[in-house]
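Okay, here's what each chain looks like letter by letter:
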Amino acid sequence: MRQTEPRLIVVTGADGSGKSTLIRNLASQIRQTLSLNFTIASIWDLRPNFSNIEEYFLTLNSKASTLLIFHALHQSLFLARKEKRDLILFDAYWYKYAVNEAIRGSDFAFLSSLIETLPQPDCVFYLKIPPEKALERKKQLTLYETGGIPDDREKFLSLQHQGFEYWEQFQKLHGPWVHLDAEKSEENLLKEAWNSVF
């Protein structure tokens, strides 16, 4: 008998930590080894419904941008649940965006109230990586990652370093998480993640 709610597994971490790669590798492993219906979800599932969303986002004040992000999170989770799968692999979930919004000045109490509206995942993988290593992996920086300044590498590094404080706060409040060293090989990361949940 199918559970009322699908299992929710999240891969999160700062920009450039390898979230999408680990999600893709987990998905491939599931397809090869398990008879499990699953889907992959992310905040960007709504992108087809918004033209020039990044440019629009940058015009918003901190409260409005935070609300837009949580709207997208709720809607992408709704769409994933609608598929009636056994498992949802969620890329980033709220964690990365809450950290980024806190850096950009969103009120922490306001963020916390929005976080409480989303379900607690069954497992959270946190990919930790030094900002300098993350920057090496980025082929192109988005305006969101640089605070609206096109391809500003120094701004990216500054924002990522500021984020460590918030990552620690959110982990204390919403942990425990499974920590993974994002500098390890894809193969080792997949093995560690896989052995933690399957």
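Residues numbered from 1 in each chain as written. Predicted model: local features only at pLDDT ≥ 70, side-chain atom pairs only at ≥ 80, totals over all residues. Heavy atoms only, no water.

1. A closer look at the pattern of salt bridges
Scanning all chains against the criterion turns up 5 salt bridges. Two residues, Glu5 and Arg81, come together in a salt bridge whose shortest N-O distance is 3.0 Å. Linking Glu5 in the segment before β1 (7-13) with Arg81 in helix α3 (residues 62-82), this pair joins segments that are 76 residues apart in sequence. Taking the relative accessible area as the measure of exposure, Glu5 reaches 40% and is therefore partly exposed. When its relative accessible area of 33% is taken as the criterion, Arg81 is described as partly exposed. For Glu192, the salt bridge goes to Lys184, with nearest N and O atoms at 2.6 Å. (Salt bridge = Lys/Arg side-chain N within 4 Å of Asp/Glu carboxyl O. Helix = DSSP H or I, 4+ residues; strand = E, 2+ residues; numbered from the N terminus. Buried < 20%, exposed > 50% of the residue type's maximum accessible area, 1.4 Å probe, protein only.)

2. A closer look at the pairing of strand β2 (residues 38-42)
Where burial is concerned, most of β2 is hidden: 4 out of the 5 residues are buried. Inspection of the sheet shows β2 paired to strand β3 (residues 87-91) by 5 bridges, in the parallel sense. Bridge pairing in β3 links Ile40 to Leu89. (Pairing = 2+ DSSP bridges.)

3. Brief notes about the environment of Glu101
Structurally, Glu101 can be placed in helix α4 (residues 95-103). Placed 97 residues apart in sequence, Glu101 and Phe198 show a C-alpha to C-alpha distance of 33 Å. Apart from the residues within four sequence positions on either side, Glu101 is in contact with Phe57, Ser62, Ser65, Thr66, Ile69, Ser106, Leu111 and Tyr144. (Contact = heavy atoms within 4.5 Å.)

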